[in-house]
Structures are given as structure tokens and as C-alpha cells.
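Topology and contacts: notes
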Protein chains: 2
Amino acid sequence: MVRFFVSAEQLQLTDPVLIGENANHAKVLRLKSGDQVLLCDANENEAICQITKIESDKVALSVIEKRSSSSEPRVRVSVYVAFSKGEKLEHIIQKATELGAYEIVIYPSARCISRPDEKSQKKKLDRWQKIALSAAEQSGRGRVPAVCILGSFKDALRRANLSQLSILFYENEQSTTLQMAIDKFYDSISIMTGPEGGYEDTEVEEALMHGLKVCTLGKRILRCETAPLCALSAIMYASGEF
Amino acid sequence: MVRFFVSAEQLQLTDPVLIGENANHAKVLRLKSGDQVLLCDANENEAICQITKIESDKVALSVIEKRSSSSEPRVRVSVYVAFSKGEKLEHIIQKATELGAYEIVIYPSARCISRPDEKSQKKKLDRWQKIALSAAEQSGRGRVPAVCILGSFKDALRRANLSQLSILFYENEQSTTLQMAIDKFYDSISIMTGPEGGYEDTEVEEALMHGLKVCTLGKRILRCETAPLCALSAIMYASGEF
């Protein structure tokens, strides 16, 4: 069933409507009266609806059944990714959303080779949030992960450490594995991965001082766009998701 | 240290040379006399070498130390991927190599929307093997995963089932998890994932009849290029790689 994210207000109506991009999307998919669709707010509430009428600028629906989303993972994983080239970040945001990330946080790091200025950050953030929305619809998520940008590496460390477990992955770490770090079920986990050029040693020391664990992702060097998705997949597995 | 894959014969010499694309690559990287590089055959043997001379068409080396590669995973994972759009397969081959795949096998499935003819298959295979080689060099692998194409879905099932454990991932499977399937350490595991449109029910039944386990990858629908990498990451984690 096709999934549309709508406002919480729409979801409370018995006759909700799809407007704007959702209405356009329904037309692109050639949905017609009688078809069923799934409406979803950003907060794990869903409603199975039937299309009652397709008008020029909106699609009228009637609610068949309300329910809670059952597709969200039990563990909330915050994915902290260093600024890197645009298409890599877009790839990470799309895939991390599919894989069940709770939120995606972009932050600067010493060796970042690209970091957009404030004006283009706003534009990029809009685009990234749309990518997350679209991936959430396609993968059947019960919520859309928020994408946000932090101003400094320190801010990222401090925020990451608010989770029950916070881990920075470092290619030169050899002894501490992710298996050691996930010694029980954690409700919330933050994972941090570096930019194309990796972390500076001093950044890793700072992370340790801020209370993060520093772990390896194995003996092979992963690209900056592969590492967060590998870690996220492993954490979902370790947390009993599949 | 930059890694170059060479023939087993070259690796046995005390004064090996880089030729062809390897020599060009060394020049692109602006390596110079005195720099150290790592030579590697496809069979987990390595030699740390020093550049002695850079000539127009070759780079002369002398061996400092021979050793076995320590970067290959203990578990051999064969990644079976259904034909899908070209750029998706290229993405999977690159990332699966980084993540430690033993080999990558492309096969046809009922809902495959693209399947190249024999002539372009040969060309694609060359290209795919180059992508695997380049990803193996960048990620520091001790071997280059072989990429191959099979002629039928049945061939894929039969070949996959030669591994100690063979698993097909199906989006409609709800009860059997990967955690249940990996009940101990396996030396060799085959994983199969479907094309853009997913598997037909009859294909899943055939897989069961051939002795494969059918597992879920969680409650979210993963794209065809995400599923194999998610499963591979989880298996590497479960097998004690990180």
C-alpha cells in the first residue's frame, strides 16, 4: 500500500485529503477512486484510507482503520555523519532512513573537505529532509528521521553523548569492537563516523574525554559513505530487528 | 600504504615491477623513489616494497618484507544479487567488496526488469571485476572478490546451497530472523536478495525446496541495492569481525 506522510491534524479527520506534493504524487502513481492508501503522521500513527474522489488539486479520502505503526525499530539510533561531498551525504540520508535511523546529524570535522556556508546549508537541509521523507515513505517507516546540522565537532560530541550509548568509529582503533560496546540492549545509541580523510588523532582523544566509546568496524577501510550504514545495519541486527 | 594487486609470479620476485594500469596509477598518485607500497596477489599474500626507480612504462621495486594478509574476514560470504539497473549493481559490487564479500554472483530472477544479453554481459563483467579490484585496493583487502554471472535462478539456488549456510531474504517473511539462522559460527554463508520488484512467491518456495533458509531483514522495506549490504554488514558483525 502506498504511504503518505501528512500532518497530525489531517490524520485525526475521518475524511482527510491529500494536497500539494502528496496529491501530485498520487496522480503520478495513477491511483484512482476505490484504491487504498496509508496515511501516516511523523509520530507513528497511521490510518488505512480509501480514495473517494480525485479532484484537480486534491485527493479526498475516507478512513477505514486507524492503527499504530509497527515498523519503527525498538532502538533509537542517531547517525552522526561528518560533512562530505553532497552526493555522499544524500546517499547516507536515503539509506540510513531505510535502515531505520532515528535521526541524522551532520557536523563539521577537522579534515572535512567541503562544508557549505550558512545560506546553502538552509537549502541543503530542505533537500535532505525531502530525501528522508521520500525514503521513509518508500521503506514504510512510521516516522521521518529529522536531519539537522551542528556547528562544531564539540557540539556533536556533547549531543551524541546524551544517548545511552555513544560510539565513534575510528579506522586506527584495533581492539575495541562494536560487539564489546553493545553489551546489552540500549534504548538509544549515537554513532559517529568521519569525513573522507578520516579523523585526526586529537579528535578521537576529545571523543574519549567526552565519554564516547571508540570502536573499530573491522580490518578493512570503509569509505565515509559506507561506514555509517554498516554500523547502523549491525546495530539493528544486534538489537534484535532481524 | 598504497596497495597494488599483482600476479602471484610478480609477488615471488625480490625485485618486482609495476606495469600497465598499476604503473599509471602509481604516477597519478605521484609516488616517487623511496616511497613504500604494498603488493598483494589475489590469494592473501602481501609484500611491503620500496620504489627503486620510476621509468616511463614501469615502476621498479625491491621487497622489504613478505607477509600474509591479515585483513580478510574469517567468514566467506557469497553475495547473490539479482540483475537490476546497472548503476545499482555497480554500487553493490563496490560496497560489498569494501564490506568483505568473498564473491559476488549476479543471477536472473522472475521480476528482473533489466538483463543484458550475452555480448554486453561480457563487457559488464569486465567492468564489474575492475570495480571490485579498485574497491579491494582502496579498502585494503587481501583478495579481490570474483564477480560472476549465472544463467538461471535455479543455478543460483543450487550454487548458493553449497555453502554451509544459505539464506534468501524475503520482504514477506515475518518470523525467521537472520539471528535465528546464524545460530553458530559458519565458515561459508551465501546470501540472496531479489530485484527491484522483489521475489515471486513461487521463487521463495523453490528456494525452500532447495534447502535455503528464508529470512527477514526487519520490518522496513529495503531497496534492492540496500538489502545485500545490510545483510552482509550484519553477518560480518555476527561473525565477530567488529
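Provided above is the structure to which this section pertains.
To keep things clear, this report deals only with the structure shown in the data block. (Residues numbered from 1 in each chain as written. Chains lettered and ligands numbered in written order. Predicted model: local features only at pLDDT ≥ 70, side-chain atom pairs only at ≥ 80, totals over all residues. Heavy atoms only, no water.)

1. Focus on the overall build of chain A
Helix and strand content of chain A: eight helices and 11 strands. Overall, the C-alpha framework of chain A stretches about 60 × 40 × 30 Å when taken along its three principal axes. When the 242 residues of chain A are sorted by exposure, 55% land in the buried category. Expressed as a percentage of contacts within chain A between residues at least 6 apart in sequence, the contacts between residues at least 24 apart total 72%. Roughly 10900 Å² of accessible area belongs to chain A as shown, and the carbon and sulfur atoms make up 47% of that amount. Seen as two clouds, the 31 positive and the 32 negative side-chain charges of chain A have centres 3 Å apart. (Helix = DSSP H or I, 4+ residues; strand = E, 2+ residues; numbered from the N terminus. Buried < 20%, exposed > 50% of the residue type's maximum accessible area, 1.4 Å probe, protein only. Contact = heavy atoms within 4.5 Å. Areas by Shrake-Rupley, 256 points an atom, 1.4 Å probe, with all protein chains shown as cover. Lys, Arg positive; Asp, Glu negative; His and termini not counted. Charge placed at Lys NZ, Arg CZ, Asp CG, Glu CD.)

2. Re the pattern of salt bridges
Applying the stated rule across the entire model yields 30 salt bridges over all chains. With its nearest N and O atoms 2.9 Å apart, the salt bridge here joins Glu46 of chain A to Arg3 of chain A. Within this pair, whereas Glu46 of chain A is found in strand β4 (residues 45-54), its partner Arg3 of chain A is found in strand β1 (residues 2-5), the two being separated by 43 residues in sequence. Look at Glu46 of chain A and you get buried, because its relative accessible area is 4%. Within the structure, one salt-bridge network assembled from shared partners comprises Lys95 and Glu98 of chain A together with Arg223 and Glu225 of chain B. (Salt bridge = Lys/Arg side-chain N within 4 Å of Asp/Glu carboxyl O.)

3. With respect to the relation of the copies chain A and chain B
Mapping chain A onto chain B calls for a rotation angle of 180° and an axial translation of 0.0 Å; the resulting RMSD is 0.0 Å. As the rotation angle and translation indicate, the two copies are arranged about a two-fold axis. Residue Ala234 of chain A, judged by its C-alpha, is the member of chain A lying nearest the rotation axis, at 2.3 Å. Residue by residue, 100% of the interface of chain A is reproduced at the interface of chain B, so both copies engage with the same surface. (Least-squares fit on C-alpha atoms with pLDDT ≥ 70 in both.)

4. Thoughts on the sheet that holds strand β9 (residues 165-169) of chain A
All names here are of chain A. Ordered in space as β8-β7-β6-β10-β9-β11, the six strands form an open sheet in which the pairing is parallel. Edge positions in the sheet fall to β8 (146-149) and β11 (213-215), since each has one partner strand and no second. Across this sheet, the average inter-strand angle for adjacent strands is 20°, counted without regard to direction. Here β9 pairs with β11 via three bridges, running parallel. Across the sheet, residue Ile167 finds its bridge partner in β11, namely Lys213. Strands β6 (76-82), β7 (103-107) and β8 of the sheet are contacted by helix α3 (residues 86-98), whose axis makes an angle of about 160° with β7. Lying on the sheet, helix α8 (residues 227-238) is in contact with β6, β9 and β10 (188-193); it crosses β10 at an angle near 155°. (Pairing = 2+ DSSP bridges. Axes fitted to C-alpha atoms, helices over the stretch in contact; angles between N-to-C directions.)

5. Some thoughts on the packing of α3 of chain A against α8 of chain A
All names here are of chain A. Two elements in contact, α3 and α8, have axes whose closest approach is 10 Å; the angle formed by their N-to-C orientations is 10°. Between α3 and α8, the angle falls in the class roughly parallel. For the pair formed by α3 and α8, the contact residues are His91, Ile92, Lys95 and Ala96 on the first element and Pro228, Leu229 and Leu232 on the second. Of the residues belonging to the contact of α3 with α8, the class tally is five nonpolar, one polar and one charged. (Parallel < 35°, antiparallel > 145°, perpendicular 65-115°, else oblique. Nonpolar A, V, L, I, M, F, W, Y, C, P; charged D, E, K, R; others polar.)

6. A short note on the pairing of strand β10 (residues 188-193) of chain B
Residue and element names in this part refer to chain B. For β10, the tally of buried residues reaches six of six residues, placing the bulk of the element in the interior. Burial of β10 is two-sided: the residues Ser188, Ser190 and Met192 facing one way and the residues Ile189, Ile191 and Thr193 facing the other way are all buried. In this structure, strand β6 (residues 76-82) lies alongside β10, joined through six bridges in parallel fashion. In the strand pairing of β10, Val81 is matched with Thr193. When strand β9 (residues 165-169) meets β10, the two strands line up parallel, connected through four bridges. Bridging across to β10, Leu165 finds its partner in Ile189.

7. Examining the side chain of Asn22 of chain A
Examined against the element boundaries, Asn22 of chain A turns out to sit in helix α2 (residues 20-28). Using a relative accessible area of 15% as the deciding quantity, one classes Asn22 of chain A as buried.

8. Things to note about the state of the cysteines
Inspection of the entire model under this criterion finds zero disulfides over all chains. Of all cysteine sulfurs in the structure, the one in Cys230 of chain B sits closest to Cys230 of chain A, which takes part in no disulfide; the separation is 9.8 Å. Here Cys40 of chain B stays free of any disulfide, with the sulfur of Cys49 of chain B as its closest cysteine sulfur at 11 Å. (Disulfide = S-S within 2.5 Å.)

9. Quick look at the environment of Val63 of chain A
Residue and element names in this part refer to chain A. Here Val63 lies in strand β5 (residues 58-68). Val63 sits in the partly exposed class, given a relative accessible area of 24%. Sequence separation of Val63 and Ser152 is 89 residues, and the distance between their C-alpha atoms is 45 Å. The contact partners of Val63, leaving out residues within four places of it in the chain, are Leu13, Thr14, Pro16, Ala47, Ile48 and Cys49.

10. Details of the environment of Gly194 of chain B
Residues and elements named next belong to chain B. Following the sequence through the fold, Gly194 ends up in the loop between β10 and α7 (201-209). Spatially, the C-alpha atoms of Gly194 and Ser233 are 17 Å apart, while their sequence positions differ by 39 residues. If we skip the residues at most four places from it in the chain, Gly194 touches Ala82, Tyr107, Tyr199 and Cys224.

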